[in-house]
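Structural description and commentary
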Amino acid sequence: MPTTALTSLSHHIDIDFLREAHRRTRKDGATGVDGRTAAEYESNLDENLGKLLDRFKSGSYRAPPVRRVHIPKGNGKSRPIGIPTFEDKILQRAVAMVVEAVYEQDFKDFSWGFRPGRRMHDALAGLRSWLMSRGGAWVVEVDIQGFFDALPHADLRDFLDQRVRDGVVRRAIGKWLNAGVMEGGVVRRGSTGTPQGGVISPLLANVFLHHVFDVWLDEEVRPRSRGEIFVVRYADDIVIACVREDDARRVMNVLPKRFGKYGLTLHPEKTRLIRFTRPNGSDDDDGPTSFDLLGFTHHWAKSRKGYRVIKQRTAKDRFRRGCQAAAQWCRSHRHLPVDVQARILGAKLRGHYNHFGIKGNSRALGRFFHIVRRIWFKWLNRRSQKRHMTWERFEVLLERYPIPPPVLGSRGWHAASP
């Protein structure tokens, strides 16, 4: 039963379970505070996993702090991320696999982020379809300030008590929450935040928001609403669409109190109410009548047949950030062999197409491809002071070392085959 607290879960985690967790763990990530690579750990994998299992079951496992680094966001600011050790990633993956199986029985259908078999593109398609069928709605964009850093441990533990009471599993989760972050050789710990960059962090965030937002919305907000409400939550990215304006305004008014009860603050500018209804005039208004979700701007536009439709394009800030990241990479790695640059740039383009490759976004994808081409040409031309690279020579080089343009397939846009 979804209301039953489970007291025996850790027995599912044995050596074979850890091997599967290792298989699912990314091997090419940066190293944690111990500097140990995946290859070094795998050189004696069975013995290392055996010792890890013994320490986990006996309670002697010590969760190392995560190594914090800062990634530029493209607006002059940076985003802190945490890098756990490779061994810590394996154990977090194993515990997450067990706890996830429990909560998948509980999570709501409108919760999409970091769940098995639930694609971001399906969430976006569902939202667009619902809005189109109703001619739009009043949309509440919700932005929680610093959510992953502000999540209170005490409330999270109370929520976990309702479903997961296995002592071994809970002890490990508690150690990860208390492990802290290392920056500049100094370890900082606190009573808020999930393990930065940790494999288990998205699951813990989902558990927290399931109780704070999802259950509350289904059991208290919906019964009091006079019209339909459609919700998409992808981790801490939330959009609430209401058919009626009065419902939307009531939700907008009560949200700060609801999140404030659990120590969270909504961004005063990014949390907003938008009238997102089908325009009646002949001119498109892409100002305050558009909203962003998961890196896409949703706006009304005319189709090729002249109908008013909702289109989803790459958000301006995400487009700019992608271009700046490409420029920074090309500048820093311009002296690598050209074939290596082409291979890595191709992988970066494929990642961009996989995320932003939805129907109706072809113009932004094509523009991104051409900008990356120009950026690459610029920094190849600066490999030496002589600057022998011309566009003619660059086109010949691209024939030998191509980077993939976007092409439309059955499931959306993706990279063209070489």
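Let me sum up the structure you'll find in this document. The shown structure was predicted, so the numbers you read here are calculated from the model rather than taken from an experiment.

We describe a pair of aromatic rings using the distance from one ring centre to the other and the angle between the two ring planes. Following the criterion strictly, the structure yields 20 aromatic pairs and no others. Note on Phe296 and Phe356: the rings are 5.3 Å apart at their centroids and 55° apart in plane angle, and the pair reads as tilted. Placement of the pair is Phe296 in strand E10 (residues 296-302) and Phe356 in helix H12 (residues 338-356), with a sequence separation of 60 residues. Each member of the pair Phe296 and Phe356 is classed as buried. The ring of Trp112 carries the charged tip of Arg118 above its face, separated from the ring centre by 4.1 Å. Sitting above the plane of the Trp379 ring, Arg382 keeps its charged end 5.0 Å from the centroid.

Another point: the pairing of strand E3 (residues 136-143). Most of E3 sits inside the fold, with 7 of its 8 residues counted as buried. As defined by bridge partners, E3 adjoins strand E8 (residues 272-277) across 6 bridges and the pair is classed as antiparallel. The residue bridging Val140 from the neighbouring strand is Leu273, located in E8. Judged from the 6 bridges that link them, E3 and strand E7 (residues 237-242) form a sheet pairing that is antiparallel. Its bridge partner lying in E7, Val140 is registered against Ile240.

Below, the discussion takes up the pattern of salt bridges. Tallied over the full model, the rule gives 23 salt bridges. The partner of Asp247 in a salt bridge is Arg250, with the nearest N and O atoms 2.6 Å apart. You can see Asp247 and its partner Arg250 sitting in helix H10 (residues 245-260), 3 residues apart, about one turn around the helix. Judged by relative accessible area, which is 2%, Asp247 ranks as buried. Ionic contacts of the salt-bridge type, sharing partners, join the residues Arg226, Arg244, Asp246, Asp247 and Arg250 into one network.

This brings us to the packing of helix H9 (residues 201-224) against H10. Angle between the axes and distance between the axes are the two parameters that describe a pair of packed helices. Running from N to C, H9 and H10 point in directions that differ by 145°, and their axes come no closer than 12 Å. With respect to the hand of their crossing, H9 and H10 are arranged in right-handed fashion. Residues Leu209, His211, Val212, Phe213, Trp216, Val221 and Arg224 of H9 touch H10, and the partners they reach there are Arg250, Val251, Val254, Leu255, Arg258 and Phe259. Class assignment of the residues belonging to the contact of H9 with H10 gives a composition of 9 nonpolar, 1 polar and 3 charged.

What follows concerns the environment of Val372. Looking at where Val372 falls in the secondary structure, it is placed in helix H13 (residues 362-380). Since its relative accessible area comes to 2%, Val372 is described here as buried. Put simply, Val372 and Ala301 are 71 residues apart on the chain and 27 Å apart in space, counted from C-alpha to C-alpha. In contact with Val372, other than residues within four places in its own chain, are Ala326, Leu345 and Leu349.

Here 3 strands make up an open sheet; going across it, the order is E9-E10-E11 and the pairing antiparallel. Of all the strands in the sheet, the pair left with one neighbour each is strand E9 (291-293) and strand E11 (308-314). Strand after strand, the sheet turns through a mean of 40° between neighbouring axes, direction not considered. Pairing between E10 and E11: 7 bridges, direction antiparallel. Note on E11: the bridge partner recorded for Ala301 is Val309.

What follows covers the pairing of E10. Where burial is concerned, most of E10 is hidden: 6 out of the 7 residues are buried. Bridge count between E9 and E10: 3 bridges; the pairing is antiparallel. If you follow Phe291 over to E10, its bridge partner there is His298. Hairpin connection between E9 and E10: a loop of 2 residues separates the two successive antiparallel strands, and Leu294 in this loop has a positive phi of roughly 55°. If you look at the hairpin formed by E10 and E11, you'll find 5 residues sitting between the two strands, and Gly306 has a positive phi there, around 90°.

By secondary structure assignment, the location of Val140 is in strand E3. With 215 residues separating them along the chain, Val140 and His355 place their C-alpha atoms 23 Å apart. If sequence neighbours within four positions are ignored, Val140 has contacts with Ile238, Val239, Ile240, Ala248, Met252, Leu255, Arg272 and Leu273.

Taking strand neighbours across the sheet as the criterion, the 4 strands line up as E6-E7-E3-E8 in an open arrangement whose pairing is antiparallel. Each end of this open sheet is capped by a strand with a single partner; those strands are strand E6 (229-234) and E8. Strand-to-strand twist of the sheet, defined as the mean angle between neighbouring strand axes without regard to direction, takes the value 20°. For E6 and E7, the ladder comprises 6 bridges, and the chain directions are antiparallel. Pairing of Arg233 across the sheet is with Ile238, part of E7. Sheet contacts for helix H5 (residues 120-133): E3, E6, E7 and E8; angle to E6, the most-contacted strand, approximately 160°. Sheet strands in contact with H10 are E3, E7 and E8, and its direction is about 10° off that of E3.

Here the focus is the packing of helix H3 (residues 45-58) against helix H4 (residues 86-103). Between H3 and H4, whose axes approach to 11 Å, the crossing angle comes to 60°. When the axes of H3 and H4 are compared, the pair comes out oblique. Pair H3 / H4 crosses with right-handed handedness. In contact with Asn48, Leu49, Leu52, Arg55 and Phe56 of H3, H4 contributes Glu87, Ile90, Leu91 and Val95. A class-by-class count of the residues in the contact of H3 with H4 yields 6 nonpolar, 1 polar and 2 charged.

Procedures and definitions
- Residues numbered from 1 in each chain as written.
- Predicted model: local features only at pLDDT ≥ 70, side-chain atom pairs only at ≥ 80, totals over all residues.
- Heavy atoms only, no water.
- Phe/Tyr/Trp six-rings, centres within 6.5 Å; stacked < 30°, edge-to-face > 60°.
- Helix = DSSP H or I, 4+ residues; strand = E, 2+ residues; numbered from the N terminus.
- Buried < 20%, exposed > 50% of the residue type's maximum accessible area, 1.4 Å probe, protein only.
- Lys NZ or Arg CZ within 6 Å of the ring centre and 35° of its normal.
- Pairing = 2+ DSSP bridges.
- Salt bridge = Lys/Arg side-chain N within 4 Å of Asp/Glu carboxyl O.
- Axes fitted to C-alpha atoms, helices over the stretch in contact; angles between N-to-C directions.
- Left-handed = near helix turned anticlockwise from the far one by under 90°.
- Contact = heavy atoms within 4.5 Å.
- Nonpolar A, V, L, I, M, F, W, Y, C, P; charged D, E, K, R; others polar.
- Parallel < 35°, antiparallel > 145°, perpendicular 65-115°, else oblique.

Spatial relationships are all this shows, so hold off on functional conclusions.
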